[in-house]
Every structure is written in C-alpha cells, then in structure tokens.
Amino acid sequence: MSRMQREERAPVARYRWLAAWRDRVLLPLVGILLVAIVWQAVVMLYRLPLVVLPEPWAVVRTLAGLLPTVAFWRDVGVSLYEFAAGYATGVVLGVAVGLLLGESRTFRLTASPVIEALRFIVPFAWIPLTVLWFGTSYTGKIVLVAYAVFFVMTVSTTRSIMQVDPTLTRIGTMLGMGRMALALFVHLRAAAPAIASAARAAAAVGWIAVVAAEYIGASAGLGVMITNAATSLQTPTVIAGMIAMGLIGATVSAVVGWLARTRLDYR
Amino acid sequence: MSGAALAFEDISHHYGAGPDRVDVLVHVTFDVPAGTVACVVGPSGCGKSTLLSLAAGLARPSAGAVRWDGREVKLGPNFDLGMAFQQPGLFPWLTVRQNVAIGLRTRGKAKAEALATADEFLGTVGLSEFLDAYPSQLSGGMAQRVGIARALALRPRLLLMDEPFAAVDAFTRIKLQQELKALLRRYAPTVVFVTHDVSEAIVLGDVIVVMSQRPAGVQRIIPVTREDRDRSSASYARKLAEALACLGVTSGMGGE
C-alpha cells in the first residue's frame, strides 16, 4: 500500500472507530443520563422524601453497597437457578410439542383447544396453586417459568414449522427422507431462526415470571429481596433491586440472543 | 445403463372436489424408455410439474398409474430417483458439499464416502472452489449446478427435472444445457425434463412430449434426432416450427 493510500485510509479508520464508540458507548450513556436528569428533577421539583422516591445517586450508592454482599449474590443466584431450570424445561417441551403440532394434523386438532385455552391463562394466575402444591420451594417457580416459556415456544415453533418452504420438503423427500427425518433435519432446522427469535422473547417472559413469582411465595431470590426491602420502607434498596433485575434480565436476553444468532441463525 | 422405463398409463389428476374441482391432467399416456430424455413442453399451468410430482411419488394420480421399472409408483421416498427444481432448493444451513452429501447420507453412505462423492460431482459441475461456501454466497447459475450435482450424485436411474434453468439468464442457460448434456451422456439415467423453452427441449431431448391446454393431455410426441439438435441446422428450425405449431405459435421460420 502506497503512502498516499495509507494517508487516505487512516482518517476513515479513525472515524469508523469514533462512530462505533459513539453508537455503543456515548449514545446509550446519554440515554441513561437523560433518565437520571428527569428523575432528579422530579425529586427536586416535588421535594419527594427518600421513602417515596430517592434521588438517583442514593440508589447508585445503595446498589454499589449491595454488590459486595453475599446475600445479594445468593438472591441473584437463586433467581438465576430457578430461571435457568424453568427456561430449559419450557424451551425443550415447547419446541417438542410445537414440532408435533406443526407436523401432525391429527395431534393439532386434538391438542389445539387445550393449548389455546391454557395459553391465555397468565402464569401469575397459577401462583396461588403453585404455592399450595409446591410451597415456597424452588420447584414452584421453576414450574411457573417453564409454563410461561412453554407457550411462547409452542406457538412460535408450530407457526414456523407450518411456514417452512414446501420446496425443502420436496427436496428432502426426493433425497429419501422419511417423515421423522424430514421433521427433525429439514423442518426443525429450517424453522430454527424463527424458533431462536422466540427463545429470546421467551427469556424475557421467563425472567419476569420468576421474579414475579418470588414476590408472592418464596424464601430467597431477587423478588424476595425487593419485597423485604419494601416492607421495611428501604426504597433505595427496592429500586436498586429493580435495576439489578433489569440489568440481569437484559444480560440473559443478550446471551440467549447471541447463542441463537451464532448457533442457529443461518440467514 | 439399465432396463428400467417410466410409463404414464392413462393418468388423470384433479385438485379439490365438487364445484371447486380443477381437472389438471386427463388420460395422459406415454412411455420413457430407459436411458432416454423426454422433454415435456406445454402452456403455463397445464400440469407439467404435476406430472413430475406423480412420477416422483410426491402425489398419487386421481386415476391411472405411473409405473417405474414395471412397478406402480407409491407415495414416499424412491431411492432410484433424483430431482432438480426451478428453485434449486438448497438447504441454506448446509455448505455446498454438505448439500450434495446429505442425500447420500440418507441412503446410508458413510460420512467420508458421501463427502468424497459430493466433492467429485461438484468438481464435475465446476464448483470445486466452492465446496465450503453457503448457498447464499452463490449466484443463481452456481446454485442450479449444485442442485444438479446433488441429484446426479445419488446416481439415480430416474432423473426428474422441473424447469431447472428457468430462473437463470440466457447465457448461463445455454452453458448449463451443454454441461447437462455431457453429464447425461456420462451417467445415462432415464430423464423427464419439464421446460417452457421448446429450443431447450430440442437440444436436450430424445423426444418432445407436447401437452395441450388444461385439462391437459398429450397432444403430440415428437422424436428428436442428433441432427435436429444443431441449432444452426434446417432440421432444428423445422423441429422448432413443428413443436411451436402444436402449441399454437407461429415461428415465422416456414420450416427453413
């Protein structure tokens, strides 16, 4: 590369780095800062006491104080464990049932009324029953998360299996594949990007379900931490817990999205 | 290569029922002798692709029977069969060589053997440089070559081709026709080749089966000789005029 070419290219590379820094760091920070400014203004304008709405800085200090404590990470660990177990169960069962619904007209006609009725019962409606059946153990929360995730995955999988390009089915048949091979190696694989998108949406639903379930019936977890803080009017801890919940949820969603994009999305 | 032949015996086929019934094929009868190429031409929507689906066992005729090797074709996989379509239908999540190898794996070949065969056939269609490419990285003509390699790699005794060159440009089409001719000479399967292009049918076929408007029957079967295939010859022009006249089109060549 000639010197002239290097000189022409250098500024372009520098601007590209700057543009990436602006998009990934600066603009998101501006967004967070704007929310903090509005929040601070509301507190100052209405002279709100700490117990009603603390200043952003007080919440940041509280969150920084929570981070080194064992109790905080134990609660995070419990919530993550309940989420992971329920999410994995819900995804596996949801994809399996969705595949069956997509492949078999008989099974679809038989199971659809039950599934349609159940999927409109929000997971939180089951909380009293899960407390009754499983107490405040992890199992109840795992079941609730699996339930919430199951329907998102079932509906999306069924729909995407039924929308697979029929040419791929004809090709598979021509290549000598039977019904089972077509379902597993052609239809499921072709539907994988759509199923992966659903898995990301289901992660958000599952995370919301686990924390919501902890609000009502649990002995540990982020929901319990927030409820306990609210009972003793520690509003900064409540909001710090909520922020932690949001950050962890966003991280879980990003990890699931990354796995889906790199492992399943062939587009 | 083999004694097998494909026979369409008084095939009729319809979709729907009652007032929604659409008759597609009526009393279609013709044979394709082993190792020959029958090119099926006809107006759009006359049921050419349906004919292939029936031969492939992807659908059952409403009446009549399709026989392959003397046995009635049933629904389901046929291990003697290879097919190529207008859209190559490559699996987008597999590389080029995996796309060709997958049919061989389905037929019980070991992975290494299947990949070696895939490499060989991809070399035959000039794609040795693109073994590890994904379908999204190929041009239309290249994707179509992969589709043909995939069908031929199965070493099918019966090859069904549904307008495989319809979606590529004129230059690529002529090139692919030449390549296919060479491959068919080498592997000599029995072929049914559906096309809109009468000149393509003359260049590739041993016979041209001209279908009528829907509900379609066989209007005429035109034999094609080696001399007819030379695009610069008078006999090619006469054959073209004859086939076009069957389809109700005047070529303006006057048989010259």
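Note: the structure precedes this text.
Residues numbered from 1 in each chain as written. Chains lettered and ligands numbered in written order. Predicted model: local features only at pLDDT ≥ 70, side-chain atom pairs only at ≥ 80, totals over all residues.

### Overview of the overall build of chain A
Where we set the bar: Strands are runs of DSSP state E lasting at least two residues, helices are runs of H or I lasting at least four, and both sets are numbered from the N terminus onward. Three exposure classes are used, all based on how many other C-beta atoms lie within 10 Å of a residue's own C-beta (placed from the backbone): buried at 20 or more, exposed at 12 or fewer, and partly exposed between those limits. Note that contacts rest on C-beta atoms placed from the backbone: two residues are in contact if these are within 7 Å.
Secondary structure assignment for chain A yields 11 helices and 0 strands. Starting at the N terminus and ending at the C terminus, chain A contains elements arranged as α-α-α-α-α-α-α-α-α-α-α. Across its three principal axes, chain A shows a C-alpha extent of roughly 75 × 70 × 35 Å. Relative to its full complement of 267 residues, chain A shows a buried share of 34%. Put simply, 76% of the contacts in chain A that link residues at least 6 apart link residues at least 24 apart.

### Considering the overall build of chain B
Selection rule: Our radius of gyration is a C-alpha quantity, and the globule rule it is checked against amounts to 2.2 Å times the number of residues to the power 0.38.
From N to C terminus, chain B includes 7 helices and 10 strands. Its C-alpha radius of gyration of 18 Å places chain B within 12% of the 18 Å reference for a compact globule of 256 residues. For chain B, the spread of C-alpha atoms along the three principal axes comes to 50 × 45 × 35 Å. Burial analysis of chain B (256 residues in total) assigns 43% to the buried set. Summarising the internal contacts of chain B: among those between residues at least 6 apart in sequence, 66% fall at separations of at least 24.

### Structural notes on the sheet that holds strand E1 (residues 6-15) of chain B
For the record, the criterion: Here, a strand pair is defined by DSSP locating no fewer than two bridges between the strands.
On the basis of which strands lie adjacent, the open sheet formed by 4 strands has the order E2-E1-E4-E5 (chain B) and antiparallel pairing. Each edge of the sheet is formed by a strand with only one pairing partner; in this case those strands are strand E2 (22-32) and strand E5 (71-72) of chain B.

### Brief notes about the sheet that holds strand E8 (residues 190-194) of chain B
Residue and element names in this part refer to chain B. To be explicit about the condition: Interaxial angles span 0 to 180 degrees and are taken between N-to-C directions of axes, which are lines fitted to C-alpha atoms, for helices over the stretch in contact.
Taken together, the 6 strands give an open sheet; going across it, the order is E6-E7-E8-E3-E9-E10, and neighbouring strands pair in mixed fashion. Among the strands making up the open sheet, the edge pair consists of strand E6 (81-84) and strand E10 (218-223). Each neighbouring strand pair of the sheet contributes to a mean axis angle of 15°, computed without reference to strand direction. Along the sheet, helix H4 (residues 140-153) contacts E6 and strand E7 (158-162); its crossing angle with E6, the most-contacted strand, is approximately 175°.

### Quick word on the interface of chain B and chain A
The test is simple: Polarity classes work like this: nonpolar for Ala, Val, Leu, Ile, Met, Phe, Trp, Tyr, Cys and Pro, charged for Asp, Glu, Lys and Arg, and polar for all others, with Gly in that last group.
Contact with chain B, which involves 16 residues of that partner, is made by 13 residues of chain A. Of all the secondary structure elements, the ones that give two or more residues to the side of chain B that touches chain A are E6 and helix H2 (96-106) of chain B. Split into classes, the residues belonging to the side of chain B that touches chain A amount to 11 nonpolar, 4 polar and 1 charged.

### Structural notes on the packing of helix H2 (residues 56-66) of chain A against helix H11 (residues 235-263) of chain A
Residue and element names in this part refer to chain A. What counts here: Reported orientations rely on four angle classes, namely roughly parallel under 35 degrees, roughly antiparallel over 145, roughly perpendicular from 65 to 115, and oblique for the rest.
Following both chains from N to C, one finds H2 and H11 inclined at 70°, their axes separated by 8 Å at the closest point. Viewed along their axes, H2 and H11 adopt a mutual orientation that is roughly perpendicular. Across the interface between the two elements, Ala58, Val59, Thr62, Leu63 and Leu66 from H2 touch Pro236, Thr237, Ile239, Ala240, Ile243 and Ala244 from H11. In the contact of H2 with H11, the residues fall into 9 nonpolar, 2 polar and no charged.

### Regarding unusual backbone geometry
Residues and elements named next belong to chain B. Unusually for a residue other than glycine, aspartate 69 sits at a positive phi of about 65°. Given 16 C-beta atoms within a 10 Å radius, aspartate 69 is considered partly exposed. Residue glutamate 163 is not a glycine yet carries a positive backbone phi of 45°. With respect to the element layout, glutamate 163 can be found in the loop between E7 and helix H5 (170-187). Of the residues examined, glutamate 163 has 20 C-beta atoms within 10 Å and is grouped as buried.

### Focus on the nonpolar core
Defined as follows: Remark: nonpolar core denotes a set of buried Ala, Val, Leu, Ile, Met, Phe, Trp, Tyr and Cys residues whose joining runs through C-beta atoms within 7 Å.
Membership of the largest hydrophobic core comes to 126 residues, with the highest contact counts inside it found for Val145 and Val149 of chain A together with Cys39, Ala55, Leu160, Val192 and Ile208 of chain B. Top contributing element to this core by residue count: helix H6 (residues 138-162) of chain A, with 13 residues. Residue contacts for alanine 55 of chain B: discarding those within four places in its chain leaves Leu6, Val66, Val73, Leu160 and Val192 of chain B.

### Quick notes on the packing of helix H3 (residues 70-103) of chain A against helix H8 (residues 179-190) of chain A
A pair of packed helices can be characterised by two numbers: the angle between their axes and the separation between those axes. Residues and elements named next belong to chain A. One can describe the packing of H3 onto H8 by two numbers: an axis separation of 11 Å at closest approach and a directional angle of 100°. The angle between H3 and H8 places the two elements in the roughly perpendicular class. Of the residues in H8, those touching H3 at Leu99, Gly102 and Glu103 are Ala183, His187 and Leu188. Residue composition of the contact of H3 with H8, grouped by class: 3 nonpolar, 2 polar and 1 charged.

### What about the pairing of strand E4 (residues 63-68) of chain B?
Residue and element names in this part refer to chain B. Examined bridge by bridge, E1 and E4 share 5 bridges and lie antiparallel to one another. By the bridge assignment, leucine 6 is partnered in E4 with tryptophan 68. Pairing geometry for E4 and E5, over 2 bridges, is antiparallel. Each bridged residue has a counterpart across the sheet, and for tryptophan 68 the counterpart in E5 is arginine 71.

### Remarks on the pairing of E8 of chain B
All names here are of chain B. Just so we agree on the cut-off: Crossover handedness is defined by viewing with both strands directed away from the observer: a clockwise path from the first strand over the helix to the second marks the crossover as right-handed.
Judged by how many residues are buried, E8 sits mostly within the fold: 5 of 5 residues are covered. Both faces of E8 are covered, namely the face carrying Thr190, Val192 and Val194 and the face carrying Val191 and Phe193. Pairing of strand E3 (residues 37-41) with E8 involves 4 bridges; the strand directions are parallel. Across the sheet, residue valine 37 finds its bridge partner in E8, namely valine 191. Two strands pair when backbone bridges link them, and E7 and E8 are joined in this way by 5 bridges, in the parallel orientation. Paired with leucine 159 across the bridge in E8 is valine 191. Regarding the hand of the β-α-β motif, the stretch spanning E7, H5 and E8 is right-handed.

### Concerning the environment of leucine 18 of chain A
For leucine 18 of chain A, the location among the structural elements is in helix H1 (residues 3-45). In the structure, leucine 18 of chain A is positioned 212 residues away from alanine 230 of chain A in sequence and 43 Å away in space, judged by C-alpha atoms.

### Topic: the environment of threonine 130 of chain A
Residues and elements named next belong to chain A. Tracing the sequence through the fold places threonine 130 in helix H5 (residues 127-134). Threonine 130 sits 14 residues away from leucine 144 along the chain, and the two C-alpha atoms are 7.8 Å apart. Setting aside chain neighbours within four positions, we find threonine 130 in contact with Gly140, Val143 and Leu144.

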